[in-house]
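# Descriptive structure summary
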There are 2 protein chains.
Amino acid sequence: MDPSSIACAPRLELSAVPGIPIVQPGDDVAALVCDALAQNAIELRGDREQRDVLVVTSKIISRAEDRFVDLTTVDASDDALQLARQARKDPRVCELILRESSEVSRVAPNVLIVRHRLGFVSANAGVDESNGRSTSDGRGPWVLLLPRDPDASARAIRAAVHARFGVDVGVVITDSHGRPFRLGSVGVAIGVAGVPALWDHRGRTDLQGRALEITITALADQIAAAADLVAGQADEGRPLVLVRGLRFTSDEQASTSELLRPVAQDLYR
Amino acid sequence: MDPSSIACAPRLELSAVPGIPIVQPGDDVAALVCDALAQNAIELRGDREQRDVLVVTSKIISRAEDRFVDLTTVDASDDALQLARQARKDPRVCELILRESSEVSRVAPNVLIVRHRLGFVSANAGVDESNGRSTSDGRGPWVLLLPRDPDASARAIRAAVHARFGVDVGVVITDSHGRPFRLGSVGVAIGVAGVPALWDHRGRTDLQGRALEITITALADQIAAAADLVAGQADEGRPLVLVRGLRFTSDEQASTSELLRPVAQDLYR
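Residues numbered from 1 in each chain as written. Chains lettered and ligands numbered in written order. Predicted model: local features only at pLDDT ≥ 70, side-chain atom pairs only at ≥ 80, totals over all residues. Heavy atoms only, no water.

Right, let's get into the environment of B:Val171. All names here are of chain B. With respect to the helices and strands, Val171 occurs in strand β8 (residues 170-177). Accessibility expressed as a relative area gives 0% for Val171, which makes it buried. Here the alpha-carbon distance between Val171 and Ala159, two residues 12 residues apart in the chain, equals 10.0 Å. Once residues within four sequence positions are removed from consideration, Val171 is found in contact with Val53, Leu54, Ala154, Ile157, Arg158, Gly191, Val192, Ala193 and Val195. (Helix = DSSP H or I, 4+ residues; strand = E, 2+ residues; numbered from the N terminus. Buried < 20%, exposed > 50% of the residue type's maximum accessible area, 1.4 Å probe, protein only. Contact = heavy atoms within 4.5 Å.)

Looking now at the sheet that holds strand β4 (residues 101-108) of chain B. Residues and elements named next belong to chain B. In spatial order, the strands read β4-β5-β6; together these three strands make up an open sheet with antiparallel pairing. In the strand order of this sheet, the two ends are held by β4 and β6 (121-123), each with one partner. Adjacent strand axes in the sheet meet at a mean angle of 25 degrees when their direction is disregarded. Direction of pairing for strand β5 (residues 111-116) relative to β6: antiparallel, over a ladder of three bridges. By the bridge assignment for β6, Arg115 is matched with Val121. Seen against the sheet, helix α3 (residues 78-87) touches β4 and β5 and runs at an angle of roughly 30 degrees to β4. (Pairing = 2+ DSSP bridges. Axes fitted to C-alpha atoms, helices over the stretch in contact; angles between N-to-C directions.)

All right, on to the sheet that holds strand β12 (residues 240-244) of chain B then. For sheets, the rule is that strands pair by backbone hydrogen bonds, running either parallel or antiparallel. Judged by pairing direction, the sheet is mixed, and its 10 strands sit side by side in the order β9(A)-β8(A)-β2(A)-β12(A)-β1(A)-β1(B)-β12(B)-β2(B)-β8(B)-β9(B) without closing on themselves. Of all the strands in the sheet, just β9 (186-193) of chain A together with β9 (186-193) of chain B have a single pairing partner and so form its edges. Within the sheet, the average angular offset between the axes of one strand and its neighbour, ignoring direction, is 25 degrees. Relative to β8(B), strand β2 (residues 53-57) of chain B runs parallel, the two being bridged by five bridges. Bridge pairing in β8(B) places B:Val56 opposite B:Ile173. Lying over the sheet, helix α5 (residues 150-165) of chain A contacts β2 (53-57), β8 (170-177) and β9 of chain A, oriented at roughly 65 degrees with respect to β9(A). The strands touched by helix α1 (residues 29-39) of chain B are β2 and β12 of chain B; relative to β2(B), the strand with the most contacts, the crossing angle is about 125 degrees.

The next thing to look at is the packing of aromatic side chains. Residues and elements named next belong to chain A. Tallied over the entire structure, the rule returns four aromatic pairs over all chains. Summarising the aromatic geometry, the rings of Phe181 and Tyr268 are spaced 5.1 Å apart at their centres and angled 75 degrees between planes, so their arrangement reads as edge-to-face. Of this pair, Phe181 sits in the loop between β8 and β9 while Tyr268 sits in the segment after β12 (240-244), and the two are 87 residues apart along the sequence. Lying over the aromatic face of Phe248, Arg51 brings its terminal NZ or CZ to 5.8 Å of the ring centre. (Phe/Tyr/Trp six-rings, centres within 6.5 Å; stacked < 30°, edge-to-face > 60°. Lys NZ or Arg CZ within 6 Å of the ring centre and 35° of its normal.)

With that out of the way, let us pick up the nonpolar core. Within soluble globular proteins, side chains that are nonpolar generally end up buried alongside one another. Within the largest apolar cluster, 123 residues are counted, with the highest numbers of intra-cluster contacts made by A:Val33, A:Ile157, A:Ile223, B:Val33, B:Ile157 and B:Ile223. Contacts of A:Ile157, omitting those with residues within four sequence positions, involve A:Val29, A:Ala30, A:Val33, A:Val56, A:Ile61, A:Val171 and A:Ile173. (Core = buried A, V, L, I, M, F, W, Y, C linked by side-chain atoms within 4.5 Å.)

Here we come to unusual backbone geometry. Here A:Gly140 and A:Pro141 are connected by a cis peptide whose omega angle stands at 10 degrees. The residue A:Pro141 is located in the loop between β6 (121-123) and β7 (142-144) in this model. Even without being a glycine, B:Ala41 presents a positive backbone phi close to 50 degrees. Looking at where B:Ala41 falls in the secondary structure, it is placed in the loop between α1 and β2. The class of B:Ala41 is exposed, set by a relative accessible area of 62%. Look at B:Ala125: it is not a glycine, yet its phi comes out positive at around 50 degrees. Inspection of the secondary structure puts B:Ala125 in the loop between β6 and β7 (142-144).

Time to look at the pairing of β8(B). Residue and element names in this part refer to chain B. Burial analysis of β8 places eight of its eight residues in the buried class, which makes it a mostly covered element. Across seven bridges, the pairing between β8 and β9 is antiparallel. Counterpart to Asp175 in the pairing with β9 is Val188.

Here it is in structure tokens:
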């Protein structure tokens, strides 16, 4: 891919697209996204000069996929019980975290950092105890797990948008992660379609003609962080953000697996 | 601070402000920023509804502060020589990295991760071998160190903008960092003024009235990541980005030290 044809825009606009209802299990998020774009009469752009990116919070994908779990239905294994003692957490939540993860990275009181089955490292495998479902029907408490396959969800939204509007956009599915070393959460990409997860500058040079030191930018993560400034917390009603002004060639092979540092290269494992 | 008065904007615009020349040692970056804003007839906003943030890449601050070092003038200590063998790097560069840092975090071939004297953890203490100065005058090779006190630089720019235009803006000084676990660099804040580095949502609730799980957002880092999509690599000529649409109360005590995870809490140290 011609590196000069990608990413850096002199002007970028991010806008919340209103009109996504509170998503319920079984809803078709791709259709809801298309409806919201149509309701707002948004003319999507998707050419060599400028290609829109739609940023969707993972929470609405999870809700649509009915990734709710009623904690009263969860039996904690011995491993989960032991982890719960170390992390001072609900053993049933620890059981779900273990089921959602491939490796426990660090445990301390109130801290449980794992490698999610999707490959990224984060706290609590994204098991969300706060933004779940009401217990008003006498069941629960409920927690919400991350989407089954966010890259596939992103591809489905991209395909639906193309089918309805005839435009090739990029799609990023986001979550918020804490980080080692730095406080505060940031938006990160856990699903992509059409837009490259990494932007490889290798071969570009600085003004003196020397190779640039920082050669690979986490494009999709930066888009996610930018959109998080607009989306805030998903349940407050801005689960869809339109990012306009980026220039990139559609990448049919885009995947968030590009963003995962190979375990063997990760000195902090 | 009233949490509802901060940060989430339904619409955000980022634009590169042209007109910053290639910064030379001794230049006054705050004056250059003001000149560029005036040249472009930008009417800054700074009230309760909307407050502009100016994002400045650390590279131009470093150049103005003449943080260039001619490697031929650097004597490597025994510690630097040993580190250079482990990291397979130039011993003189390792010497500068040691001088710029308070602790070596991880060493492996081609990897040297340290705690910078400013408190953050990053590769090579930000010692920049690629975007430095030309060797055409027969000296060098040169490297470029990070600014001496980026929070102070941010405050100086904020004060100059207020003095010239009478508007209280936020200022963020950025660098690009790699990260554990995830590939690709992202823009991060290494200096702030006026704009809170962290946005504390504690006390806010979700639609069901429960406390939000993700309670503290790295506001300044997300602004830096967003601006990096526009700025790209600093020497390519977009060192100043205007971020418009955020809503926050000016924070006179803002400091990037807020973003540093206390060492005792950092499980990856």
